[in-house]
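Listed below, chain by chain, are the residues.
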Amino acid sequence: MSAQRDDSRIDGAEVVVIGGGSGGAVVAGRLAEAGVSVVLVEAGPDYGHIDEGRWPAEILGADLIATTHDWGYTSGPVPGRDEPWTWERARILGGCSAHNGAIAAVGHHSDYDAWNLPGWDTATLRPLFASALERMRVRTYTRAEAGPFHDRCLDAAVSAGWPVNTTTFASDLCDLDAGDNFGLEPVNVFEGIRWNTAFAYLDPVRSTGRLQIVDHTLVDRVTGGAGDGPVIIHAIRHGQPLTITADRAVLAAGVYGTPAILQRSGIGPADALRALGITPVVDLSTVGANLHDHPMINASRALAPELQRWLTEAAAAGFVPEEQTLGKARSSLATDGIYDMHVFPVCSSTQTQLTRGRALVEVACVTPRSRGTVLVTGPDPEAHPRIDHGYLSDPEGHDWQVLRDGLEQAEEFLSQPALRAILIDEPPGDRSEAAIRRGVLHYYHPVGTAAMGLDPATSVCDPTGRVHGAERLVVADAALFPTIPRANTNIPAVVVGERIAQFLLGDPQG
């Protein structure tokens, strides 16, 4: 790359990508493959090529969700809740693909067709999903790999009457046309390693000379996104200011980070920004709006001593993830005939704070109608934005009612003979509206805060990811989703990176 660099400045790149996570690493890798000079800016560390052996064991090991390298986003005290929400987001190259549960899912074709945006129909996206699944080394657990709890969950699903492929016992989470199903999860796990986007998309181009990775760098704001002249990224690295110039900037800082950078850049709701001491540049009230996630609740049982012993023995013998099976199901509100819930068991051999020696059956509403917001608290890039997901706030009560139906199915699942034999029998939990609202959790799938659309009054970006009013700024992460797919969002975020890279390379048809 021809970039000239001193301690405070990087110039000469064609594209700067802000954020090296599930979307940003894909864009940077694909552009560098195509011969574009790219500077990739990441707030967390870059541990180098996987073959260098410097990645932390917790990030590599896919048996548990990693807890290091987290941004520390939290709701603060919430009325009516015993504990605040924490919204885990990874501050590391590879982003959330480097610390998540590694479940690979694509959603239903109707999710993307419902966006009704040119270039985002399912027919166009199918080859990109196929490419993403291959690059991320997605495979499905076999029954021989199922731990002692999840092996019995398969039998419980059969006796409960769930649709199960009794030949392979595999889930069809990576089939865009599939309906209800219960089975072993497809995962981006390769030889026990959580295969993240840094390994899949950046390692192949590290030696080309077209990719410069600048880690431990917090982006404050961007100027020059409209009109002629370079785009200028104002950042902080190791406590010192750093300026990066490029022809175009791609924002992939995540569903919380991307709108925060836009707002600090003066792109957002003008009155709100002005009140926070930020000079408005583009009055775009939609920036930070439309935040949504899959709300979640669970039913649980204590582990019988025999199951705890089996789990301990299995963990000593090898790789036993706490999540291995997942079901797609319909609530009474699923009037379109398509699943609207994920129902999945969780059981840990290590008795983490999450499980505390209990088996859980988690229920998530994957068609949420509630919406929230992200808004910075001022111009300080070190200050976290104010995050309000608005869980279960939809006026019709759709979301909590889906969770209520899911809890009923979860209790039925836990009562199946295969599980009753290894769990402590307990009365069903409280399924009242008050209890669900008090105990609602999240599924780690925030989206929508820089949504695509045709109308600037209702969206942040056009269907090619360009920010309305600042067209040389492009968004390439899950913030672009107008509505959330019925899926764990990592693979869909990778596909967003693939699609935005195509647009940037001038190939709108892929």
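First, a word on scope: everything that follows refers to the structure included in this document. Per chain, residue numbering runs from 1 following the sequence as it is written. Predicted model: local features are reported for residues with pLDDT of at least 70 only, side-chain atom pairs are reported and counted for 80 or more only, and whole-chain, interface and lining totals are derived from all residues. Hydrogen atoms and water are omitted, and side-chain values are computed over all heavy atoms in the structure.

### As for the sheet that holds strand E5 (residues 181-184)
- A pair of strands is labelled paired if DSSP reports no fewer than 2 bridges between them. Numbering of helices and strands runs from the N terminus; a helix is a DSSP stretch of H or I covering at least four residues, while a strand is a stretch of E covering at least two. Taken in spatial order, the six strands line up as E5-E16-E17-E18-E15-E21 in an open sheet, and their pairing is antiparallel. The two strands at the open ends of the sheet, each matched to only one other strand, are E5 and strand E21 (441-442).
- Bridge analysis of strand E17 (residues 341-346) against strand E18 (residues 358-365) gives six bridges, and the strand direction is antiparallel. In the strand pairing of E18, His342 is matched with Ala364.
- Against the sheet, helix H10 (residues 398-414) touches E5, strand E15 (295-302), strand E16 (325-329), E17 and E18, its axis set at about 25° to E15. Residues are treated as being in contact if the distance between any of their heavy atoms lies within 4.5 Å. For every element, the axis is a line fit to its C-alpha atoms; helices are fit only across the contacting stretch, and the angle between N-to-C directions ranges from 0 to 180 degrees.

### A short note on the pattern of salt bridges
- Salt bridges are identified by distance alone: a Lys or Arg side-chain nitrogen within 4 Å of an Asp or Glu carboxyl oxygen. Tallying each qualifying case throughout the model produces 25 salt bridges.
- Across the pair Glu33 and Arg30 runs a salt bridge whose closest N-O atoms are separated by 3.0 Å. In this pair, Glu33 and Arg30 both sit in helix H1 (residues 24-33), three residues apart, roughly one turn of the helix.
- Each residue is assigned to one of three classes by its accessible area relative to the maximum for its type, calculated with a 1.4 Å probe on protein chains only: buried under 20%, partly exposed between the two thresholds, exposed over 50%. On the basis of relative accessibility, which here comes to 32%, the residue Glu33 falls in the partly exposed class.
- For Arg30, a relative accessible area of 18% gives the class buried.
- Where Asp215 meets Arg237, a salt bridge forms, and the shortest distance between an N and an O atom there is 2.8 Å. Pair noted here: Asp215 is in the loop between strand E9 (211-214) and strand E10 (217-223) and Arg237 is in strand E11 (residues 231-237), with a separation of 22 residues, a long-range link.
- Sharing partners across several salt bridges, the network here consists of Arg30, Glu33, Arg135 and Glu498.

### Overview of the side chain of Glu323
- Examined against the element boundaries, Glu323 turns out to sit in the loop between helix H9 (305-317) and E16.
- Counted as positive: Lys and Arg. Counted as negative: Asp and Glu, with His and the chain ends omitted from the count. For the buried Glu323, no salt bridge is present, and the opposite-charge side chain at shortest range is Arg194, 9.2 Å distant.
- Ignoring sequence-local partners within four residues, the contact set of Glu323 consists of Ile65, Ile103, Tyr141, His150, Glu185, Phe344, Pro345 and Val346.

### A look at the packing of H1 against helix H13 (residues 490-504)
- Running from N to C, H1 and H13 point in directions that differ by 40°, and their axes come no closer than 8 Å. Between H1 and H13, the crossing angle belongs to the class labelled oblique. In this structure, H1 meets H13 at a crossing whose hand is right-handed. Two secondary-structure elements touch here, H1 through Val26, Val27, Arg30 and Leu31 and H13 through Val494, Gly497, Glu498, Ile500, Ala501 and Leu504.
- Along the lines of polarity and charge, the residues of the contact of H1 with H13 split into seven nonpolar, one polar and two charged. Should an angle lie under 35 degrees it is considered roughly parallel, over 145 roughly antiparallel, and from 65 to 115 roughly perpendicular; all remaining angles are considered oblique. If you view the pair so one helix is near and one far, a crossing is left-handed when the near helix is turned anticlockwise from the far one by less than a right angle, and right-handed when it is turned clockwise. Gly counts as polar in this scheme, as do all residues outside two lists: the nonpolar Ala, Val, Leu, Ile, Met, Phe, Trp, Tyr, Cys and Pro, and the charged Asp, Glu, Lys and Arg.

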